[in-house]
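Now for the letters of each chain:
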Amino acid sequence: MSDNLVTLIRSRIADPSKTFIETGDRRIFTYGDTFAMAGRFANMLVGLGVQPGDRVAVQVDKSPEALILYLGVVAAGAIYLPLNSGYTLAELEYFIGDAEPRVFVCRPSTEKDIAPLAARLDVAHCLTLGGNGDGSLVEKAKAASPDFTEVPRKADDLAAILYTSGTTGRSKGAMLSHRNLASNALTLVDYWRFTADDVLLHALPIFHTHGLFVASNVILLAGASMIFLAKFDADEVIRHLPRATSMMGVPTFYTRLLQAPQLTKDLVKHVRLFVSGSAPLLADTHKEWEARTGHRILERYGMTETNMNTSNPYDGDRVAGTVGFPLPGVSLRVVDPESGKPLAQGEIGMIEVKGPNVFQGYWRMPEKTAAEFRPDGFFITGDLGKIDERGYVHIVGRGKDLIISGGYNVYPKEVETEIDAMPGVVESAVIGVPHPDFGEGVTAVVVMAKDARGDEAAMLKALEGRLAKFKLPKRIFFADDLPRNTMGKVQKNLLRDQYKDLYRKG
Ligand code: MCA
Ligand code: AMP
């Protein structure tokens, strides 16, 4: 029997006339339309020579067609490789070189830059897909048959690769199998009680785990519907909330919506579930949301490498400031980061997880993969936490040098490397400090050479072509030196403390 994820999805859809996606401007895609379009994409890709295991890289704007392309790629037995639409050409060069995709799908507007890059890096085909479903991909697919039988896949075969930034600066491709995706989404359908009657308000990007696997796979496996917005816009979300039964978002969604006077109990009376994740949700936001809407946000915890690990309960107490219990089938422990020895309940240590959700390793990086697993198969998350007396998991910090800004991860090393390469720069430290909108604001402290002068605006401009916008420091400061401990290591905690009120309102 085949374990192709798309075969599983198809087996759960009873009524092809049921709406899968409705866009903000009321374009409707039924499940029948969806499978027909996915079939055309799959046939076309096979016609282009795409073989099982080949990578199909995609950097496009959010649209129903883009999500259906994911199904087409996976149905064809290929590996779907979505890329943040904000990545610059310099960033793309690395991803293409590392993943060696056979096909690259880009926006019509970026084709003139990406097509030559793709050709230089031996990508066989560069196609386009626009936010309105325009472009050469859809044009070519029109000639293909909608009927396609999914290419048989084994449970451990890869369905997707998602790049996560690396602590050393180089991004790592997390390899996710059909089983990884199917098992986690099926668990979430049950745990969060999704049924075909649900309507999810989907305002997340679809190039990361949250919007692609958590939100979309859950809806597909429940045979439910979604209102699919091109991006998060508080007014648009408020316009559509009355028809939704659920929404998933990063904390910034919730803090922004709380600023809207229209957010009332009445507006959300149809909603049964609000989920938050990807970054810590402040307990204050949780409380304020309950006071305004009557809903306790359900917070869960996941990673690109593991999909979802824990969740607050659907029925029991959703405790603010915790990420709930390990999901069924997921083993979670807290250990001493150095020795790997399990710690007593209540003690703070490294969170490690094991289960069918945990990825297959980093693409072409066997040493990095080996370094992040214990011999008994537990994956070392890099998150610090504890388990309380009721079994709730608390995330109390990060062992890894990571900033999470509006739900996007930024590894300081990557930004520091770019800054350090600039003329006159001796060294830099990039930190995250509290930010009212993004949770953490990327901030750089730079030491210039004696005869050089630091210019914040010029540096930011120079970084723009190199790094995606969400990675850019919101501010750059100059200092005579960086604080170091006796081992010579930069004490980022002191810098974080020094700049902690930088973005505070008032
Ligand atoms: C946009 N900007 C940002 C961010 N987003 N800067 C820092 N952090 C960000 N996240 C920049 C824009 O380029 C712009 O720059 C300026 O900030 C203001 O943009 P704005 O219009 O306010 O932004 P937006 O377009 O409204 O986006 C904010 C957002 C978005 C809606 C919070 O970032 C978003 O959708 N985030 C969700 C990320 C996500 O899905 N994460 C899940 C990863 P300028 O003014 O210079 O043009 S998966 C994951 O983490 C794990 C697995 C998990 O557990 O889920
Ligand atoms: P990513 O690499 O984009 O997959 O981000 C995964 C990281 O996001 C985790 O390792 C955590 O540090 C963080 N994260 C995800 N969900 C939560 C949450 N609910 N609370 C705190 N941190 C979270």
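The structure displayed is predicted, hence computed values, not measured ones.

Rules used throughout
- Each chain carries its own residue numbering, running from 1 in the written order of its sequence.
- Chain letters start at A and ligand numbers start at 1, both assigned in the order the entries are written.
- Thresholds applied to this predicted model are a pLDDT of at least 70 for local features of residues and 80 or more for the giving and counting of side-chain atom pairs; totals over whole chains, interfaces and linings are not thresholded and use all residues.
- Heavy atoms throughout the structure, all of them, feed into the side-chain values; hydrogens and water do not.
- Note on terminology: near, applied to a residue and a molecule or strand, indicates that one of the residue's heavy atoms is within 4 Å of it.
- Here a polar contact is recorded for every N or O atom pair within 3.5 Å, except that within protein the pair must consist of a potential hydrogen donor and a potential acceptor, and residues adjacent in sequence are included only if both atoms are side-chain atoms.
- Numbered from the N terminus, helices here are DSSP runs of H or I no shorter than four residues, and strands are runs of E no shorter than two.
- Residue burial considers only the protein chains on display, and all accessible areas are found by Shrake-Rupley using a 1.4 Å probe.
- Each residue gets one label: Ala, Val, Leu, Ile, Met, Phe, Trp, Tyr, Cys and Pro are nonpolar, Asp, Glu, Lys and Arg are charged, and the others, such as Gly, are polar.
- Exposure is judged per residue with a 1.4 Å probe applied to protein chains only, and the accessible area is read against the type maximum: over 50% gives exposed, under 20% gives buried, and values in between give partly exposed.
- Working rule for contacts: check all heavy atoms of both residues, and any pair within 4.5 Å makes them a contact.
- Here a salt bridge means any side-chain nitrogen of Lys or Arg lying within 4 Å of a carboxyl oxygen belonging to Asp or Glu.
- What makes a nonpolar core is a set of buried Ala, Val, Leu, Ile, Met, Phe, Trp, Tyr and Cys residues whose side-chain atoms join them at distances within 4.5 Å.
- Throughout, disulfides are identified as pairs of cysteine sulfur atoms within 2.5 Å of each other.
- By definition, two strands form a pair when at least two bridges between them are found by DSSP.
- Fitting a line to C-alpha atoms yields each axis, with helices limited to the stretch in contact; the angle taken between N-to-C directions then spans 0 to 180 degrees.
- Each C-beta atom gives one direction from the helix axis, and the arc is the one those directions make.
- For crossovers, right-handed means that the path from the first strand over the helix to the second runs clockwise, given strands pointing away from the viewer.

Now for the site of ligand 1. Among the 24 residues in the neighbourhood of ligand 1, the closest are listed as R256, S278, R300, S405 and K469. Within the contact set of ligand 1, a nitrogen atom lies 2.9 Å away from a backbone nitrogen or oxygen of G407. Mapped onto the shell around ligand 1, the elements with two or more residues apiece are α8 (209–222), α10 (251–258) and β13 (298–303).

Lining the immediate environment of ligand 2, one finds 16 residues, of which R300, T304, D383, K400 and N409 sit closest. The separation between a nitrogen atom of ligand 2 and a polar main-chain atom of S278 is 3.1 Å. For ligand 2, whose free accessible area comes to 500 Å², the fraction covered by protein is 91%. Where the shell around ligand 2 is concerned, the elements lending two or more residues are β13 and β19 (393–398). It is β13 that provides the largest number of residues to the shell around ligand 2, a total of five residues. Considered class by class, the residues forming the shell around ligand 2 number seven nonpolar, four polar and five charged.

Here T252 is to be found in helix α10. Of the residues examined, T252 reaches a relative accessible area of 8% and is grouped as buried. When residues no more than four places from it in sequence are discounted, the contact partners of T252 are G406, D437 and F438.

In this section: the pattern of salt bridges. According to the stated counting rule, one finds 36 salt bridges in the structure shown. Here R364 ties to E100 by a salt bridge, and the two come within 2.7 Å at their closest N and O atoms. Of this pair, R364 sits in the loop between β17 (349–354) and α12 (366–371) while E100 sits in the loop between α4 (89–99) and β5 (103–106); the two residues are 264 residues apart in sequence, bridging distant segments of the chain. With relative accessibility at 48%, the residue R364 sits in the partly exposed group. For the salt bridge of R398 with E440, the shortest nitrogen-to-oxygen distance reads 3.0 Å.

Formed by 116 residues in total, the largest nonpolar core has its most connected members in Y70 and F194. Aside from chain neighbours lying at most four places away, what touches F194 is L188, V189, L200, V218, I219, A222, S246, M248, R272 and L273. Core analysis: the next-biggest nonpolar cluster, separate from the first, contains 39 residues, I79, I96, M422 and L467 among them.

On to the state of the cysteines. This structure, assessed with the given rule, holds zero disulfides. C126 takes part in no disulfide bond, and the closest cysteine sulfur to it belongs to C106, at a distance of 4.0 Å. Classification of C126 by relative accessible area gives partly exposed; the value is 22%.

Our next topic: the sheet that holds strand β16 (residues 331–335). Spatially, four strands are ordered β16-β17-β18-β19 in an open sheet, and the strand pairing comes out antiparallel. Looking along the sheet, the strands with just one partner apiece sit at the ends: β16 and β19. With direction set aside, neighbouring strand axes in the sheet form an average angle of 50°. Bridge count between β16 and β17: five bridges; the pairing is antiparallel. Each bridged residue has a counterpart across the sheet, and for V335 the counterpart in β17 is M350.

Along helix α11 (residues 283–293), the residues that are buried comprise T285, H286, W289 and T293. Around the axis of α11, the buried residues are gathered within 100° of arc, so they sit on the same side. Exposed residues on α11 whose side chains face more than 90 degrees from its buried face are D284, K287 and A291. Summarising the contacts, the buried residues of α11 are in contact with α10 and β12 (273–276). Looking one or two places after α11, you find G294, whose phi comes out positive at around 85°.

Let us now look at the pairing of β5. Residues V103 and V105 point to one face of β5 and F104 and C106 to the other, with burial holding for every one of them. Of the strand pairs in this sheet, strand β3 (residues 55–59) and β5 are connected by four bridges, and their pairing is parallel. Paired with Q59 across the strands is C106, a residue of β5. Once you follow β5 into helix α5 (residues 111–120) and on to strand β6 (residues 125–128), the crossover reads as right-handed.

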